[in-house]
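Examination of the molecular architecture
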Amino acid sequence: MPRQIIINATPQESRVAIMENARLLEIYIERVRERGIAGSIYKGRVTRVLPGMQAAFVDVGLPKAAFLPAADFAPVSVDEYALAEASPELESRGPVLRHSSAAADPPAPPPAAAPARALPPIEERLQKGQDIIVQIAKEPMGSKGARITSHISLPGRYLVYLPYSSGQIGVSRRIASEGERERLRQAVAAVAPQTGGIIVRTACEGVSKREIQSDLRLLRKLWAQLARRAESLPAPALLHQDLDVTLRVIRDVATSDVTRVVVDARRDYQRIVDFIASVMPRWRVRVELYDQLEPIFERYGIEAQIAKALERKVWLKSGGYIIIDHTEALTAIDVNTGRFIGKTDQRETALRTNLEAARTLVDQLRLRNIGGLIVIDFIDMDTAEDRKTVLAALTDALRADKARATLLGFSELGLVEMTRQRARESLSQRLCEPCPTCSGRGVVKSTAATAYEVLRRIRREATMNAPLRQVSVRLHPSVARFLAQYEPSALREIERELGVGVAVTPTDLLAPHQFEVTAVAAIPGTA
């Protein structure tokens, strides 16, 4: 379907939306003071080698040392591994399917990537204090530092250049025509260097030989500049920073099905025009400057869709819904029939809801940029045939997602497990922060539980600090109302039993689950 790229740019922040008709597919947000570093290349220095973890920590000049798994550090000769794993060209990777013990047979998986060669232990290949060139594979997230790789990849408009590979040419699987694939291989092979692997991107389909070869020359020139900087600069040092989000999306996402690029800032409009003129001149006519008074994201209905993407519940058109819950370890997705009651029987209702949910939840994974381990609890289905149908729908939906995914069949517990590549923050991580009231737990103590805890605390303070003149209590008005309505005599009983006054002060300055109890000492010489 035709797509549009809608860009809202301010001096502080850029937001880039990928739209299909009126539907928001993906949103990229980058703030000037928090510019992403994924794809940036550094000269780093190894600070620790951990044989027990088969990993190393590398100082690349960031606040936290970067993490380098053994599999992501290999000598130049490991060509197959570099081609299979190093490239950011996600368009060439479909979902990888694996069987679980109780799964219905999934559709046939795409061809497997080239297997990695066996590598010596990391302690035999790296030493503390050694300088190495690495690339950011995953942004720092939370308390974790960046994840890095030594399999360097330089993405261009039409090609990805892998300087530490030799002579291999790969073509995006999304280019279906075998004749076109062969034409592209020949165009690249005509000018390919002896060293350096090349991946032909989806955007290369239909592009002239001259444009392809020009893209390769620019990438090789960039690598030569990086190599010179690496020789002259001491570690840690930044050797290359990838494009900002606006130009990066134009480079990576603007394929033939994108019909318009609309941007609301004249400065960014000119930057895009200049960029396109240098790498993809035929695209000039598709770029528009938005000059209406209504904010661009409101005009295209994007603000409302971003707000919905932060909600826990997602409604399906049928009346069913899915619930998306995040934990530190995984994301859990629960499918429910909701208001949908079907037309024939329970089996039909469950199957139709699950099929709609499969497509919707993949859309939500893309929009919310959810990665890591994902567990899906579909509505129970009694037949292997229905489970196979739902798994096929989920697989098909994942093919439109550029992020790599590994999908398992239904487990013995009836759950579907999958992983999705995570290279940057999710939308909720980007736009939200832990709730100061619930400390990020998503729930707070109930009014009743808080009220009875207040009564226990009053008793404790009065007993432990006797003799007292008074116990002063500050609490939320909702808790005060609960005590007045359901426990009207509780405070009087405490006063009579313990011989102490209790002063209650409702205040909106405290959250509903918060309260303060203060013991006021008795005046000396009084009882």
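Now for a description of the structure that goes with this document. All figures in this text were calculated on a predicted structure; none of them were measured in a lab. (Residues numbered from 1 in each chain as written. Predicted model: local features only at pLDDT ≥ 70, side-chain atom pairs only at ≥ 80, totals over all residues. Heavy atoms only, no water.)

With that out of the way, let us pick up the overall build of the protein. Within the protein, the regular secondary structure consists of 13 helices and 25 strands. Here the protein holds 527 residues, and the buried ones make up 46% of them. A separation of at least 24 residues holds for 70% of the contacts in the protein among residues at least 6 apart in sequence. In the structure as shown, the protein presents an accessible area of about 26,600 Å², 51% of it carried by carbon and sulfur atoms. (Helix = DSSP H or I, 4+ residues; strand = E, 2+ residues; numbered from the N terminus. Buried < 20%, exposed > 50% of the residue type's maximum accessible area, 1.4 Å probe, protein only. Contact = heavy atoms within 4.5 Å. Areas by Shrake-Rupley, 256 points an atom, 1.4 Å probe, with all protein chains shown as cover.)

Next up on the list: the sheet that holds strand 2 (residues 13–20). Spatially, 3-2-1-15-16 is the arrangement adopted by the five strands of the open sheet, whose pairing is mixed. Of all the strands in the sheet, the pair left with one neighbour each is strand 3 (23–31) and strand 16 (287–289). Geometrically, the sheet is characterised by an average inter-axis angle of 15 degrees between neighbouring strands, direction not taken into account. Pairing analysis gives five bridges linking strand 1 (residues 3–9) to strand 15 (residues 258–263), with the strands arranged parallel. Counted as the bridge partner of Ile-6 is Val-262 from strand 15. Packing of helix 5 (residues 266–279) onto the sheet brings it into contact with strand 1, strand 15 and strand 16, and relative to strand 16 it is tilted by some 165 degrees. (Pairing = 2+ DSSP bridges. Axes fitted to C-alpha atoms, helices over the stretch in contact; angles between N-to-C directions.)

Moving on, we come to the pairing of strand 21 (residues 405–410). Here strand 21 lies mainly inside the structure; five of its six residues are buried. The pairing of strand 21 with strand 22 (residues 416–420) spans four bridges and is antiparallel. Considered in strand 22, the bridge of Phe-410 is made with Val-416.

Taken in spatial order, the three strands line up as 24-23-25 in an open sheet, and their pairing is mixed. The two strands at the open ends of the sheet, each matched to only one other strand, are strand 24 (501–506) and strand 25 (515–521). Mean inter-strand twist for the sheet, computed between neighbouring axes without regard to direction, equals 15 degrees. Bridging between strand 23 (residues 468–475) and strand 24 involves six bridges; their strand directions are parallel. What sits directly across from Ser-472, in strand 24, is Ala-503. Relative to strand 25, helix 11 (residues 447–464) is tilted by about 20 degrees, and along the sheet it contacts strand 23, strand 24 and strand 25. Strands in contact with helix 12 (residues 477–486) are strand 23 and strand 24; relative to strand 23, the strand with the most contacts, it is inclined by about 120 degrees.

Counting buried positions along strand 3 yields seven of nine residues, so the element is predominantly enclosed. Direction of pairing for strand 2 relative to strand 3: antiparallel, over a ladder of eight bridges. Bridge assignment links Val-16 to a residue of strand 3, and that residue is Tyr-28.

So, on to helix 11. With 18 residues, helix 11 should reach 26 Å at 1.5 Å per residue; the first-to-last C-alpha distance of 26 Å fits that figure. Within the sequence span of helix 11, burial applies to Thr-450, Ala-451, Val-454, Leu-455, Ile-458, Glu-461 and Ala-462. In a view along the axis of helix 11, the buried residues occupy a sector of 145 degrees, so they form one face of it. For helix 11, the exposed residues lying more than 90 degrees away from the buried face are Arg-456, Thr-463 and Met-464. At its buried positions, helix 11 is contacted by strand 23, helix 12, helix 13 (490–498), strand 24 and strand 25. (Expected span 1.5 Å × (residues − 1). Arc of directions from axis to C-beta.)

What follows covers the packing of aromatic side chains. Throughout the structure, instances matching the rule amount to seven aromatic pairs. Through a chain of ring-to-ring contacts, three or more aromatic side chains come together here, namely Tyr-452, Phe-482 and Tyr-486. A cation over a ring is seen here: Arg-286 above Trp-283, with NZ or CZ 4.2 Å from the ring centre. The positively charged end of Arg-299 is found above the aromatic ring belonging to Tyr-300, 5.4 Å away from the centroid. (Phe/Tyr/Trp six-rings, centres within 6.5 Å; stacked < 30°, edge-to-face > 60°. Lys NZ or Arg CZ within 6 Å of the ring centre and 35° of its normal.)

A few words on the environment of Asp-291. Tracing the backbone shows Asp-291 in the loop between strand 16 and helix 6 (296–299). Taking the C-alpha atoms as reference, Asp-291 lies 8.5 Å from Ala-265; in sequence the two are 26 residues apart. Here Gln-292 takes part through its side chain, which lies 3.1 Å from a polar atom of the side chain of Asp-291. (Polar contact = N/O pair within 3.5 Å; in protein donor to acceptor, adjacent residues only side chain to side chain.)

A word on the packing of helix 8 (residues 346–368) against helix 9 (residues 384–398). Running from amino to carboxyl end, helix 8 crosses helix 9 at an angle of 20 degrees, the nearest separation of the two axes being 8 Å. As far as their axial angle goes, helix 9 and helix 8 are roughly parallel. The way helix 8 lies across helix 9 gives a crossing that is right-handed. Contact residues: Arg-347, Leu-351, Asn-354, Leu-355, Ala-358, Arg-359, Leu-361 and Val-362 in helix 8; Glu-385, Asp-386, Thr-389, Val-390, Ala-393, Leu-394, Ala-397 and Leu-398 in helix 9. Split by residue class, the contact of helix 8 with helix 9 holds 10 nonpolar, two polar and four charged. (Parallel < 35°, antiparallel > 145°, perpendicular 65-115°, else oblique. Left-handed = near helix turned anticlockwise from the far one by under 90°. Nonpolar A, V, L, I, M, F, W, Y, C, P; charged D, E, K, R; others polar.)

Time to look at the packing of helix 2 (residues 178–189) against helix 3 (residues 209–232). Orientation of helix 2 relative to helix 3, taken along the N-to-C sense of each, is 50 degrees, at an axis distance of 9 Å. Here helix 3 runs oblique to helix 2, going by the angle between their axes. Of the two possible hands of crossing, helix 2 and helix 3 adopt the one that is right-handed. Together, Arg-183, Leu-184, Ala-187 and Val-188 of helix 2 and Lys-209, Ile-212 and Gln-213 of helix 3 make up the contact between the two elements. Here the contact of helix 2 with helix 3 is composed, by residue class, of four nonpolar, one polar and two charged.

Our focus in this paragraph is the nonpolar core. Among the nonpolar cores identified, the biggest contains 47 residues, and Ile-5, Leu-159 and Ile-250 are the most heavily contacted of them. Not counting residues within four places of it along the chain, the set of residues in contact with Leu-159 comprises Leu-154, Val-188, Ile-198, Ile-199, Val-200, Arg-201, Ile-212, Asp-215, Leu-216 and Leu-219. Counting residues in hydrophobic clusters, the runner-up holds 31 residues, among them Ile-322, Ala-350, Ala-393 and Phe-410. (Core = buried A, V, L, I, M, F, W, Y, C linked by side-chain atoms within 4.5 Å.)

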